Amino acid sequence: MKDFFDKMLRNFKEFYGELDAGKKISLFAVTGVILVFLLGVVLWATHTNYKVLYSDLNKEDMTKVEVFLSQNNVEKKTSADGRTVSIPEDMIETVRLKMMTSGFSFSGTVGYEVFDNQSFGTTSFVQKVNKQRALEGELIKTIKHLRGVKRARVHLNIPESSPFVSEKKPPSASVVLELNRGVTLTEQEIKGISSLVASSVEGMRPTGVVILDHRGKKLSENIGDAMTANTANRLALESKLNRKYEAQIEDILTKVVGAGKVIAKVSVDMDFTESVSTQTSYDSENKAVLSEVTNTQNLQGSRPSPQGIPGARSNLPGEQPQPGVPETRNDVKKELATRNYNVPKKVTRSKSPTASVRKISAAVMLDGKRVTQTVDGKTVTKYEPWSEADIANFQAIVASTLGIDDRRGDVITIKNMEFQQEDLEAIDALMRERENRELIKNIFKYLAIGLTISLFFFVVVRPFIQWVTDNAVETVEDFLPRTLEELEKVQANQKLPGLEDALPQIEEKLNPEKIEGNMLREKIISLVETNPGKAAQIVHDMIHAQESDKSIA
């Protein structure tokens with residue numbers, strides 16, 4: 001091995017010694033470029049790919065993350081604005097899992113972890129404050145799991161309990177949301193957040209939750225008036241019913257006239273009047289005695305007839321009647337009966353629906369048919385409207401779909417009009433032309449890049465390599481003279497410095513046959529040294545050929 005390296009070093013010294021100053025400088029420059037390229041490849045291969053761990057952090061969270069990574073000996077890179085931290089890609093999941101298991105929290109978002117370390121002498125006031133902090137933190141964590149929510153802040157206002165019912169106030173809450181770029185919460189999502197917060201606090205109503213975005217725009221409606229909320233719900237119900245009927249009309253007519261050729265608008269007038277009626281009916285034929293009271297009175301009495309001198313004395317009570325004077329009798333018999341009957345009756349209490357359809361108005365616009373015709377050998381498309389019979393059929397279908405009632409005054413209007421047609425074929429042709437231009441542009445671009453690289457290699461790199469290695473790639477036999485004329489020119493011009501002693505000197509009188517024999521011998525020796533196996537095969541064949549000639553002779 002040592003001899004091999006010594007030989008390489010010796011050959012390089014001989015090669016370097018034969019170069020002139022310009023080629024030496026060029027050799028060093030190319031070697032430097034190659035080393036720089038190799039160094040870049042090594043750095044690229046050993047480069048550590050960093051991936052974002054957390055972004056858009058505030059100063060407090062950024063400091064906490066850096067301290068955590070430093071304690072766990074994790075390499076990190078921070079952005080110029082100090083809001084994004086990156087770590088090696090293969091450690092992302094491990095670090096995040098470790099942060100979660102260690103109870104790491106952002107922006108002071110502490111949930112029920114606040115009760116993990118409680119001192120023995122904690123007062124009731126501190127316990128109450130910690131409970132509210134924990135509840136706010138848990139709500140923040142839950143809201144941040146929603147789609148599109150980047151950050152959240154929750155503030156709860158929970159009044160202290162009072163023994164007086166009249167002084168009891170319901171709790172309220174305010175929520176501030178920071179959404180991701182391009183995300184907008186729908187009305188249902190906002191109501192869902194309000195219901196989530198209200199359900200987490202006892203006694204809180206969704207109307208007591210105010211939701212803002214990070215720019216201060218109010219997202220929640222918070223309709224406190226019951227009548228206003230009821231009106232909004234009714235309008236929403238009408239709008240929903242309108243869209244339902246419109247979708248039904250377009251769906252059933254699209255199967256006939258084609259997609260995109262039906263436009264339906266429905267207006268439903270609803271009656272939200274609430275009425276309650278009570279009806280009582282009696283059965284006069286079937287009756288029964290419920291109760292009966294009878295009162296009977298019998299009186300028997302007599303008194304003497306008037307006698308004596310008329311006047312007051314004769315009429316006074318207690319006077320003894322005279323003998324032989326007839327008596328006057330007064331007998332009374334009185335009977336009173338009260339009888340109560342139970343008559344069967346039927347009481348019906350009915351309540352009309354709160355929302356009933358008062359009137360339906362529908363407007364439907366249809367596009368006509370496109371008929372292909374041949375005129376003068378050319379194919380043209382002609383617009384043809386629907387017939388009156390078709391319109392009548394469409395109207396019957398729509399009336400049956402919506403449940404039209406003429407007694408309510410429902411109205412259906414169906415008109416046939418030509419829709420404005422978009423020139424989609426021209427747009428498709430334009431898009432195809434644009435794609436073709438892009439394809440041709442990319443082809444020419446890559447061809448130009450390939451041609452440039454090829455020209456650079458053949459025009460610059462290859463000639464430079466040949467120029468640097470001009471005296472090294474050729475062997476000694478390639479530049480040694482092969483004829484007498486070349487030998488005379490070399491000795492006359494002295495183009496091979498250092499090899500004068502190696503060249504034979506030409507004598508004044510030379511034997512051409514000797515010179516030719518020496519050159520032929522040297523050529524044979526060179527061929528044998530280059531390919532000894534082939535030379536041995538040739539000698540073997542020559543020996544066997546001579547033996548076969550002798551045997552034949």
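Here we summarise the structure given alongside this text. Since we're looking at a predicted model, the values are computed, not measured. (Residues numbered from 1 in each chain as written. Predicted model: local features only at pLDDT ≥ 70, side-chain atom pairs only at ≥ 80, totals over all residues. Heavy atoms only, no water.)

Structural notes on the overall build of the protein chain
Right, on to step 1. When its secondary structure is counted, the protein chain shows 13 helices and 17 strands.
Right, on to step 2. Within the span of the protein chain, comprising 553 residues, buried residues form 17% of the whole.
Right, on to step 3. Restricting the contact set of the protein chain to residue pairs at least 6 apart, pairs at least 24 apart contribute 65%. (Helix = DSSP H or I, 4+ residues; strand = E, 2+ residues; numbered from the N terminus. Buried < 20%, exposed > 50% of the residue type's maximum accessible area, 1.4 Å probe, protein only. Contact = heavy atoms within 4.5 Å.)

Some details on the packing of helix H5 (residues 124-144) against helix H6 (residues 187-200)
Right, on to step 1. It is the contact of H5 with H6, at a shortest axis distance of 11 Å, that shows an interaxial angle of 155°. Relative to H6, the element H5 is oriented roughly antiparallel. Relative to H6, the crossing made by H5 is right-handed. Within the contact between the two elements, H5 uses Leu135, Leu139, Thr142 and Ile143 and H6 uses Ile193, Leu196, Val197 and Ser200. (Axes fitted to C-alpha atoms, helices over the stretch in contact; angles between N-to-C directions. Parallel < 35°, antiparallel > 145°, perpendicular 65-115°, else oblique. Left-handed = near helix turned anticlockwise from the far one by under 90°.)

Things to note about the sheet that holds strand E5 (residues 172-179)
Right, on to step 1. Spatial ordering of the open sheet is given by E4-E5-E6, a layout of 3 strands whose pairing is mixed. The two strands at the open ends of the sheet, each matched to only one other strand, are strand E4 (149-157) and strand E6 (209-213). Put simply, the sheet's adjacent strands are angled 15° from each other on average, direction ignored.
Right, on to step 2. Summarising the sheet, E4 and E5 pair through 8 bridges and their orientation is antiparallel. Bridge pairing links Ala152 to Leu177 in E5.
Right, on to step 3. Against the sheet, H5 engages E4 and E5, with an angle of about 150° to E4. (Pairing = 2+ DSSP bridges.)

Points about the pairing of strand E16 (residues 378-384)
Right, on to step 1. The pairing of strand E15 (residues 369-375) with E16 spans 7 bridges and is classified as antiparallel. Across the sheet, the residue bridging to Gln373 is Val380, located in E16.
Right, on to step 2. Here E15 folds back onto E16 in antiparallel fashion, the turn holding 2 residues, of which Asp376 has a positive phi close to 55°.

Let's talk about the side chain of Glu136
Right, on to step 1. Structurally, the position occupied by Glu136 is in helix H5.
Right, on to step 2. Although buried, Glu136 forms no salt bridge, and the nearest oppositely charged side chain, Arg153, lies 6.5 Å from it.
Right, on to step 3. Every residue in contact with Glu136, bar those within four places of it in the chain, is listed here: Val154, His155 and Leu156. (Lys, Arg positive; Asp, Glu negative; His and termini not counted. Salt bridge = Lys/Arg side-chain N within 4 Å of Asp/Glu carboxyl O.)

Points about the pattern of salt bridges
Right, on to step 1. Using the criterion set out here, one finds 13 salt bridges in the structure.
Right, on to step 2. In this structure, the salt-bridge partner of Glu138 is Lys141, at a minimum N-O distance of 4.0 Å. In this pair, Glu138 and Lys141 both sit in helix H5, 3 residues apart, roughly one turn of the helix.
Right, on to step 3. By relative accessible area, Glu138 is classed as partly exposed at 23%.
Right, on to step 4. Between Asp367 and Arg370 there is a salt bridge, with the nearest N and O atoms lying 3.2 Å from each other.
Right, on to step 5. For Arg370, a relative accessible area of 27% gives the class partly exposed.

What about helix H8 (residues 388-402)?
Right, on to step 1. Compared with an ideal rise of 1.5 Å per residue, which puts 15 residues at 21 Å, H8 spans 21 Å between its outermost C-alpha atoms and is within 8% of the ideal.
Right, on to step 2. Along H8, the positions that sit buried rather than exposed are Ile391, Phe394, Val398 and Leu402. Down the axis of H8, the buried side of the element spans an arc of 60°, and every buried residue falls inside it.
Right, on to step 3. After H8 finishes, the residue Gly403 shows a positive phi value of roughly 70°. (Expected span 1.5 Å × (residues − 1). Arc of directions from axis to C-beta.)

Structural notes on helix H3 (residues 59-71)
Right, on to step 1. A rise of 1.5 Å per residue sets the reference length of H3, with its 13 residues, at 18 Å; its end C-alpha atoms lie 18 Å apart and thus fit the reference within 8%.
Right, on to step 2. What H3 keeps buried is the set Asp61, Met62, Val65, Phe68 and Leu69. Buried residues of H3, viewed axially, fall in a sector of 130°; they line one side. Opposite the packed face of H3, turned more than 90 degrees from it, sit the exposed residues Lys59 and Gln71.

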